[in-house]
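# Survey of secondary and tertiary structure
Next come the chains, spelled out residue by residue.
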Amino acid sequence: MPEPHSDSILLRFRPKSLYRQEAETKIGERDGDSPWDSLEGGILLGAKEWVEQMRRVVKGDAKEQPEVRRLQVRPNWKQVVEAVEAVKG
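Residues numbered from 1 in each chain as written. Predicted model: local features only at pLDDT ≥ 70, side-chain atom pairs only at ≥ 80, totals over all residues. Heavy atoms only, no water.

## Some thoughts on the pattern of salt bridges
Proximity of charged atoms lets side chains of opposite charge pair with each other. For the coordinates displayed, the defined rule picks out 4 salt bridges. Of the charged contacts in the structure, one is a salt bridge between Arg-55 and Glu-52, with a shortest N-O distance of 3.3 Å. Pair noted here: Arg-55 and Glu-52 are both in helix α3 (residues 48–57), with a separation of 3 residues, about one helical turn. Judged by its relative accessible area of 17%, Arg-55 falls in the buried class. (Salt bridge = Lys/Arg side-chain N within 4 Å of Asp/Glu carboxyl O. Helix = DSSP H or I, 4+ residues; strand = E, 2+ residues; numbered from the N terminus. Buried < 20%, exposed > 50% of the residue type's maximum accessible area, 1.4 Å probe, protein only.)

Here is the structure:
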């Protein structure tokens, strides 16, 4: 039979500030990156191929939704240079 004042019971009644401090400490101790750091455009998480497919099908108002703006497919530098050279000749 557990003791009435065991640590597990006492932990339930600790102050919220102490809980927050403990939680932040544990988060800082994790190995590796957080999955939230890998979000593309702030909304997509997955394999690169899947993310690229989703970039092409995500719809929304780019003026009102910054996530949609960040997901828009944009040309890379090489494509920009090639387009300018094609126009300039």
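Read on for the rest.
## As for helix α5 (residues 77–88)
The end-to-end C-alpha distance of α5 is 16 Å, a good match for the 16 Å that 12 residues give at a rise of 1.5 Å each. The buried fraction of α5 is low, at 0 of 12 residues. Where α5 starts, the residue carrying a side-chain oxygen 3.1 Å from the main-chain nitrogen of Lys-78 turns out to be Asn-76. Looking one or two places after α5, you find Gly-89, whose phi comes out positive at around 85°. (Expected span 1.5 Å × (residues − 1). Polar contact = N/O pair within 3.5 Å; in protein donor to acceptor, adjacent residues only side chain to side chain.)

## Digging into the environment of Leu-44
Its place among the elements puts Leu-44 in the loop between α2 (16–29) and α3. When near neighbours in sequence (up to four residues on either side) are disregarded, Leu-44 contacts Ser-38, Leu-39, Trp-50, Val-51, Met-54, Arg-55 and Leu-71. (Contact = heavy atoms within 4.5 Å.)

## Description of the side chain of Arg-55
Polar contacts involving the side chain of Arg-55 include one to the side chain of Glu-52, which spans 3.3 Å. Here the side chain of Arg-55 touches Leu-71 through a polar contact of 3.3 Å, landing on its backbone oxygen. Those residues in contact with Arg-55 that sit more than four places away from it in its chain are Glu-40, Leu-44, Arg-70, Leu-71, Gln-72 and Val-73.

Coordinates in, geometry out; function isn't part of it.
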